[in-house]
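What follows is each chain in one-letter form.
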Amino acid sequence: MPRRHATPRRYLMCPPAHFAVTYAINPWMDPTKPVDVPVAVAQWEDLRDRYRALGHTVEELTPRRDLPDMVFAANGATVIDGRVLGARFAHPERTAEAAAHLDWFRAHGWPEVREPLHVNEGEGDFAVTASYVLAGRGFRASPLSHGEAQEFFGRPVIGLDLVDPRFYHLDTALAVLDDRTDDVMYHPAAFSPGSRAVLERLFPHALTVGERDAAALGLNAVSDGRHVLLPQAALGLFAPLRRRGYEPIGMELSELLKGGGSVKCCTLELRT
């Protein structure tokens, strides 16, 4: 079993003070199911506080009443080597979130902030490993955003086709476990045959995840190289992660799951 080491991370999160499901833009969303906002806030605060207890820094974005999905901060940008590529949302309900995120980065002194030309939803569809930027497409991001990201970040971008609408963003179908060793886990059935073949070639030792744990959004996880924070309901992932030397930490984010997101959706990594 490899010896795993955590590295301090810096995250951007947004409290779910105005979280609601008033529209449906993914299969998880049902406006007829009420959201318990105090419970959502408590669950989110538990995640935030857990990051801080593990030694990570958490910055907070001010929520806006007219943008109920701002809690899913991972969608607002992608940050690599201190460079910020903003988002351009596919659905009008979320369009204004992009400017709110870019305003935050500019106000906090980030020197290279780019408003994108093509549709991408931040770390929802960009995952950063040691060697690549993995990029999802099929439901939200435009394939043209992949070339845009490659030019901006100067890193090879690998396009992956998503085929199951439940896994509409890459961060619902794949998680980076260790960005220093290219260790990932993913749900093969969420990807097209060609994309599965690419993943098998690039990551031959990846942890593959079955239907039950993927459907619990178990891949919507955040890892610091040792600790893996993931939905508590993905029970089948805990033992395989421990066998690989990771320390899984189950989080209860059931209220936020009503919007189609969990741990990763709430967490934008600020890579400097």
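Being a predicted model, the structure only gives us computed values, none of them experimental. (Residues numbered from 1 in each chain as written. Predicted model: local features only at pLDDT ≥ 70, side-chain atom pairs only at ≥ 80, totals over all residues. Heavy atoms only, no water.)

Enquirer: So what exactly am I meant to see when it comes to the overall build of the protein chain here?
Expert: Assigned secondary structure in the protein chain consists of seven helices and 15 strands. In terms of overall size, the protein chain behaves like a compact globule, its C-alpha atoms giving a radius of gyration of 17 Å where 272 residues would be expected to give roughly 19 Å. Projected onto its principal axes, the C-alpha positions of the protein chain cover 45 × 40 × 35 Å. Looking at the protein chain as a whole, 56% of its 272 residues are labelled buried. (Helix = DSSP H or I, 4+ residues; strand = E, 2+ residues; numbered from the N terminus. Rg over C-alpha atoms; globule rule 2.2 N^0.38 Å. Buried < 20%, exposed > 50% of the residue type's maximum accessible area, 1.4 Å probe, protein only.)

Enquirer: Would you mind going over the pattern of salt bridges with me for this structure?
Expert: As a working rule, side chains carrying opposite charge can pair if their charged atoms are close by. Under the criterion given, the structure shown has 25 salt bridges. Close ionic contact of Arg-140 with Glu-121 constitutes a salt bridge, the shortest N to O distance being 2.6 Å. With Arg-140 in the loop between strand E7 (133–137) and helix H3 (144–153) and Glu-121 in the loop between strand E5 (112–114) and strand E6 (126–128), the pair connects residues that are 19 residues apart, well separated along the chain. Of the two residues examined, Arg-140 and Glu-121, each falls in the buried class. Glu-255 serves as the salt-bridge partner of Lys-258, at 3.1 Å between the closest nitrogen and oxygen. (Salt bridge = Lys/Arg side-chain N within 4 Å of Asp/Glu carboxyl O.)

Enquirer: I keep staring at the layout of surface pockets and nothing clicks. Help me out?
Expert: Taking a probe equal in size to a water molecule and rolling it over the atoms shows the remaining empty space. Taken as a whole, the largest pocket holds about 170 Å³ of empty space. Lining the largest pocket are 13 residues; nearest its centre among them are Asp-81, Val-128, Arg-155, Asp-179 and Arg-271. Its residues assigned to classes, the lining of the largest pocket comprises four nonpolar, three polar and six charged. (1 Å grid on protein atoms, 1.4 Å probe; cavity = no way out; pocket = protein on both sides within 12 Å on 5 of 7 lines; lining within 4 Å. Points joined across faces, edges and corners; volume = space filled by probe spheres on them. Nonpolar A, V, L, I, M, F, W, Y, C, P; charged D, E, K, R; others polar.)

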